[in-house]
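# Survey of secondary and tertiary structure
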Amino acid sequence: MKLNSSLVAADAFEKHLINRNRKKSWGKKAAVYALMLTSMVDMFSMLVVFLLQTFSTSPEIMLSKGVILPNSLTASQVKEAPVLAISKDGNLYLDQLLVGVATKVVTNPTKLINQLNQIKNSWAKNHVGIPFPGEVNLQADKEVSSVLVSQVMAILTSGQFQAIQLAVMGIR
Amino acid sequence: MRKQVGLGKKKDLTADLNLTPFIDLLSTCVCFLLITAVWIEIGTVEIKQSHGTAAAASKKISYDLDLVYKTATNLQLNLKKNGKRVKSFKVQAPNEEVFQAQLFETIKTNVLTFKNKSIEIATATVTPKSIVNYGSLIQTLDTLRKNEIVNIGILSAKGN
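So, here is what we can say about the structure in this document.

Conventions and cut-offs
- Residues numbered from 1 in each chain as written.
- Chains lettered and ligands numbered in written order.
- Predicted model: local features only at pLDDT ≥ 70, side-chain atom pairs only at ≥ 80, totals over all residues.
- Helix = DSSP H or I, 4+ residues; strand = E, 2+ residues; numbered from the N terminus.
- Buried ≥ 20, exposed ≤ 12 C-beta atoms within 10 Å, placed from the backbone.
- Contact = placed C-beta atoms within 7 Å.
- Pairing = 2+ DSSP bridges.
- Axes fitted to C-alpha atoms, helices over the stretch in contact; angles between N-to-C directions.
- Left-handed = near helix turned anticlockwise from the far one by under 90°.
- Nonpolar A, V, L, I, M, F, W, Y, C, P; charged D, E, K, R; others polar.
- Core = buried A, V, L, I, M, F, W, Y, C linked by C-beta atoms within 7 Å.
- Expected span 1.5 Å × (residues − 1).
- Arc of directions from axis to C-beta.

This paragraph deals with unusual backbone geometry. All names here are of chain A. The phi angle at Gln-96 is positive, at roughly 70°, despite the residue not being glycine. Mapped onto the fold, Gln-96 is located in the loop between strand 3 (91-94) and strand 4 (97-101). Here Gln-160, not a glycine, exhibits a phi torsion of approximately 65°, which is positive. Checked against the element boundaries, Gln-160 lands in the loop between helix 6 (146-158) and strand 6 (163-170). The class for Gln-160 is partly exposed, based on 14 C-beta atoms found within 10 Å.

Written out as structure tokens, the structure is:
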């Protein structure tokens, strides 16, 4: 162990003064900080690589509130289309707007059919000469009865929405 | 004194990289990618409700498959040819996980190699039941798709 010669040679008072000076110098902080650029650039590069890997260009659809989608291993890519959702509490939504209680809509589907016809007509106006693809995204909570889903699908089919895409959570 | 050819003035081999634009670019990239990142991946299972289009010509013999739910973990598979039932298979299990595994095996070993011949399923129709929830129905559709049965329709059943 290397001893400080000044501290060894001094008497008690001198030691006290030396220590006081030292403590004063400890309190002083450097005004300029050195930034560790190498680690920062490393971190940024790793973050960019990770985010680029998870980057997706597929279209996104809004997930309705109160809908927990079932998982699927064979999920395909989502296509942009009107979204019909059946929530866990039994409400039916078309493009985030409430249509009514699903069980009642199934028995009296006039309101839903009218709204679907409006979508179809507006599509026909914007795409003159192109046949209607009849695509619709159907979101349903995983606890909802499969019969209710099939009945809603029957209404969609009767309204020329035959390409039904059941929304699921894709598992990689 | 004679000048040495090709040696000239020695260049400094250590080059300083200007880090400021590099960090700027990385920060911009990180911000853009974080904003556009998709954390929940929503997929779709396509259902074909109509039988309008003709199937492509194939060397394999083409059949139709009906899946009729009895309970949530009890299903009857009806193999049909030209609308007539050829063979029935029953799949029954104590829980959902075992049920899906058994369904996969039945389709693979009994249906797709019917009478020791490789057959093709043109369309599969699932008849749901009210006690079967939508999550279980999707699992069944998943099992069909895993067996390369992609033309799937869901029959509109009454509330029973």
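Taken together, the 37 residues of chain B in the interface contact 46 residues of chain A. Those elements that provide at least two residues to the side of chain B that touches chain A are helix 1 (19-36), strand 1 (42-48) and helix 3 (134-146) of chain B. Here seven bridges tie strand 6 of chain A to strand 1 of chain B, and the two strands are oriented antiparallel to one another. The residue of strand 1 of chain B that forms the bridge with Val-168 of chain A is Gly-43 of chain B.

All names here are of chain B. The mixed open sheet is built from five strands, whose spatial order is 4-3-2-5-6. Across the chains shown, the open sheet's two edge strands, defined by having one partner strand only, are strand 4 (84-92) and strand 6 (152-154). Going across the sheet, the axis of each strand differs from the next one's by a mean of 20°, ignoring polarity. Here strand 2 (residues 61-71) pairs with strand 3 (residues 74-81) via seven bridges, running antiparallel. Following the sheet pairing, Tyr-69 is matched in strand 3 by Leu-75. In this fold helix 3 packs onto strand 2, strand 5 (119-127) and strand 6, with an angle of close to 175° to the strand it touches most, strand 5.

What follows covers the pairing of strand 2 (residues 83-86) of chain A. All names here are of chain A. Neither face of strand 2 is open: one carries Val-83 and Ala-85, the other Leu-84 and Ile-86, and all of them are buried. Bridge analysis of strand 2 against strand 5 (residues 135-140) gives four bridges, and the strand direction is parallel. Note that in strand 5 the partner of Leu-84 across the bridge is Leu-138. As judged from the three bridges shared by strand 2 and strand 3, these two strands associate in the antiparallel manner. Note that in strand 3 the partner of Leu-84 across the bridge is Leu-94. In textbook terms, the turn of a hairpin is the stretch between consecutive antiparallel strands, and for strand 2 and strand 3 this stretch comprises four residues, one of which, Gly-90, has a positive phi near 95°.

As a further point, take the packing of helix 3 (residues 37-53) of chain A against helix 1 of chain B. Pairs of packed helices are described in terms of their axes, by the angle between the two and the distance that separates them. For the pair helix 3 of chain A and helix 1 of chain B, the least separation of the axes is 9 Å and the interaxial angle reads 35°. Our pair here, helix 3 of chain A against helix 1 of chain B, has a crossing hand that is left-handed. Facing helix 3 of chain A, whose interface residues are Leu-37, Val-41, Phe-44, Ser-45, Leu-47, Val-48, Leu-51 and Leu-52 of chain A, helix 1 of chain B presents Leu-19, Phe-22, Ile-23, Leu-26, Cys-29, Val-30, Leu-33 and Leu-34 of chain B. Grouping the constituent residues of the contact of helix 3 of chain A with helix 1 of chain B by class yields 15 nonpolar, one polar and no charged.

All names here are of chain B. Topologically, Thr-140 is positioned in helix 3. Sequence separation between Thr-140 and Leu-67 is 73 residues, and the spatial gap between their C-alpha atoms is 9.4 Å. With residues up to four places along the chain from it excluded, the contact list for Thr-140 reads Leu-67, Leu-103 and Val-126.

This part covers the environment of Lys-70 of chain B. All names here are of chain B. Within the secondary structure, Lys-70 sits in strand 2. A tally of 14 C-beta atoms within 10 Å means that Lys-70 is categorised as partly exposed. Put simply, Lys-70 and Val-132 are 62 residues apart on the chain and 9.2 Å apart in space, counted from C-alpha to C-alpha.

This part takes up the nonpolar core. Residue and element names in this part refer to chain A. In terms of nonpolar packing, the biggest core is built from 54 residues, with Ile-86 and Val-152 touching the most fellow members. Ranked by the residues each element gives to this core, the list is headed by helix 6, at six residues. Each residue touching Val-152, except ones within four places of it in the same chain, is listed here: Leu-84, Ile-86, Ala-102 and Val-106.

This part is about helix 6 of chain A. For helix 6 of chain A, with 13 residues, the first-to-last C-alpha span of 18 Å sits near the 18 Å given by 1.5 Å per residue. Counting buried positions along helix 6 of chain A yields ten of 13 residues, so the element is predominantly enclosed. Within helix 6 of chain A, burial applies to Ser-146, Val-147, Leu-148, Val-149, Ser-150, Gln-151, Val-152, Met-153, Leu-156 and Thr-157 of chain A. Along its buried surface, helix 6 of chain A packs onto strand 2, helix 4 (102-107), strand 5 and strand 6 of chain A together with helix 3 and strand 6 of chain B.

What follows deals with helix 2 (residues 96-111) of chain B. Residues and elements named next belong to chain B. Inspection of helix 2 places Phe-99, Leu-103 and Ile-107 among the buried residues, and these make up the whole buried set. The buried residues of helix 2 occupy one face: seen down the axis, they fall within an arc of 70°. More than 90 degrees from the buried face of helix 2, the exposed residues found are Glu-97, Glu-105 and Thr-109. Contacts from the buried residues of helix 2 go to strand 3, strand 4 and helix 3.

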